[in-house]
Amino acid sequence: MLKLTNRNFEKEIADGLTMVIFGTNWCGFCKMLEPIAEEFSIKHENVKVGKVDADSEKELADLYKVDAYPTIIIFKDGRVTDKKMSGMQSIESLENMIA
Amino acid sequence: MTDIIIIGAGTAGLTAAIYGARAGLSVKVIEKAFYGGQIISTSSIENYPGMPGINGADFAIALYNQAKALGAQILYETINSVNLSSDTKAITTSKGVHEAKAVIIATGAKPRMLGVSGEEKWVGRGIAFCATCDAPLYKGKAVAVVGGGNVAIGDALLLSDLCRKVTIIHRSENFEAERMQLEQVRAKENVQFITNSNVKEIVGADKIEGLIIENKIDFQITEIPIDGLFIAIGFEPDNLLFAPEVNLDEKGYIIAGEDCKTNLPGVFVAGDTRTKAVRQIVTAANDGSISALAASEYINNSVKYKEVASC
């Protein structure tokens, strides 16, 4: 999964759909979401999937009002959309975010 | 039709999926929330043979990946009703009907609530059941832990490193927790013990602000200010969906012996939701293997019986 930081964030989300997962390395659900996000990524090649470490990238987490982990946000052509969810998700609920 | 439907994706359910898939059977696992079960709230598993100290989430991920790699399908659906008495078992979910030759119930147990009016509305908004998951959200704040067992004391220890103040509230003055861990908690300056007491009320408007506590001996009422409440008073089964077809005991556990066979042919039960003396990760995995192999044997015998009957 693509690692997103303050440095590459804007460039990576600039085109098309990007699913950004904000998490931390101490959060169990964030880890558990990874195999599901990988599966989603394989099924949906048109959607870029990236993760942000909300501890080391606090500025990004604050900018997008992340107050629970994991938080998943869909970006389209560089802009944040209203598709935002928190907590552990199934692949179906990730798919619903881009439907 | 699927060979085996497994209800629940905790340790027992995913182990059953691994054994079922390795026996060459088609396996569907139906889970209402997320895979892993209770184990995901454990930061460090110290008693699973061969892997001391493994993180609960890492353990769950390994089980999930192993079951998926072997071909088990994992579906996230809520079950509305079941028909388990016929030869063909039917499970009706929010998304449709799934049919199977055999069913393994591995629904585990859910955290027990305090029984205080209105507490449900605070779940996830101030009430938590998993200190490993949620402790960092209460950094520098005041929290209470209700309970006196290993989970409660372990939670209090973890929270005491992050929170300004931790209050342990227990209904008795005797703690079931291991003595070493209890002594570690007692040595912490920011931990307060309130014993022989019950939580009577959760106070707050938009967020939890405090608890009203009653002493069981002198009935004195006290109020403590808190920002978060961790409930660790055990677990209870959630099997009403399967009754009365499947026999439950008076506490709601599914009645079965070590062979994991319920009162219904082709219906098996695995893990914490079964009547048993020891509820541990290793016994959940044990049940997962036994139930899947028993289901495999049941399916093979049913096929043989049908072949003989048609001769």
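Overview of the structure.

About the criteria used
- Residues numbered from 1 in each chain as written.
- Chains lettered and ligands numbered in written order.
- Predicted model: local features only at pLDDT ≥ 70, side-chain atom pairs only at ≥ 80, totals over all residues.
- Contact = placed C-beta atoms within 7 Å.
- Helix = DSSP H or I, 4+ residues; strand = E, 2+ residues; numbered from the N terminus.
- Nonpolar A, V, L, I, M, F, W, Y, C, P; charged D, E, K, R; others polar.
- Pairing = 2+ DSSP bridges.
- Axes fitted to C-alpha atoms, helices over the stretch in contact; angles between N-to-C directions.
- Core = buried A, V, L, I, M, F, W, Y, C linked by C-beta atoms within 7 Å.
- Buried ≥ 20, exposed ≤ 12 C-beta atoms within 10 Å, placed from the backbone.
- Domains from an automatic or database assignment.

### Some words on the interface of chain A and chain B
Then step 1. Each partner contributes residues to the interface: chain A has ten residues there, and chain B has 14 residues.
Then step 2. For the side of chain A that touches chain B, the leading source of residues is helix α2 (residues 28-43) of chain A, giving five residues.
Then step 3. Tallied by class, the residues present in the side of chain A that touches chain B amount to six nonpolar, two polar and two charged.

### Let's talk about the sheet that holds strand β5 (residues 79-86) of chain A
Residue and element names in this part refer to chain A.
Then step 1. One open sheet accounts for five strands, arranged β1-β3-β2-β4-β5; its pairing is mixed. Of all the strands in the sheet, just β1 (2-4) and β5 have a single pairing partner and so form its edges. Taking the axes of each pair of neighbouring strands and ignoring which way they run, one obtains an average angle of 30 degrees across the sheet.
Then step 2. Both strand β2 (residues 17-23) and strand β3 (residues 47-53) contribute to a ladder of seven bridges, which runs parallel. Considered in β3, the bridge of Val20 is made with Gly50.

### Comments concerning the nonpolar core
Residue and element names in this part refer to chain B.
Then step 1. Ranked by size, the top nonpolar core spans 114 residues in total, and within it Ile104 and Val145 carry the most contacts.
Then step 2. Per-domain counts for this core show at least three residues from each of domain 1 (2-111 + 235-309) and domain 2 (119-231).
Then step 3. Aside from chain neighbours lying at most four places away, what touches Ile104 is Ile4, Ile6, Ala16, Phe268, Ala270, Ser291, Ala292 and Ala295.

### Observations regarding the sheet that holds strand β12 (residues 197-204) of chain B
Residues and elements named next belong to chain B.
Then step 1. The three strands lie next to each other as β12-β13-β14, forming an open sheet whose pairing is antiparallel. Pairing within the sheet leaves two strands with one partner each, and these edge strands are β12 and β14 (221-225). The mean angle between the axes of side-by-side strands here comes to 25 degrees, regardless of whether they run parallel or antiparallel.
Then step 2. Inspection of the sheet shows strand β13 (residues 208-215) paired to β14 by five bridges, in the antiparallel sense. Looking at the pairing, Leu211 lines up with Ile224 of β14.

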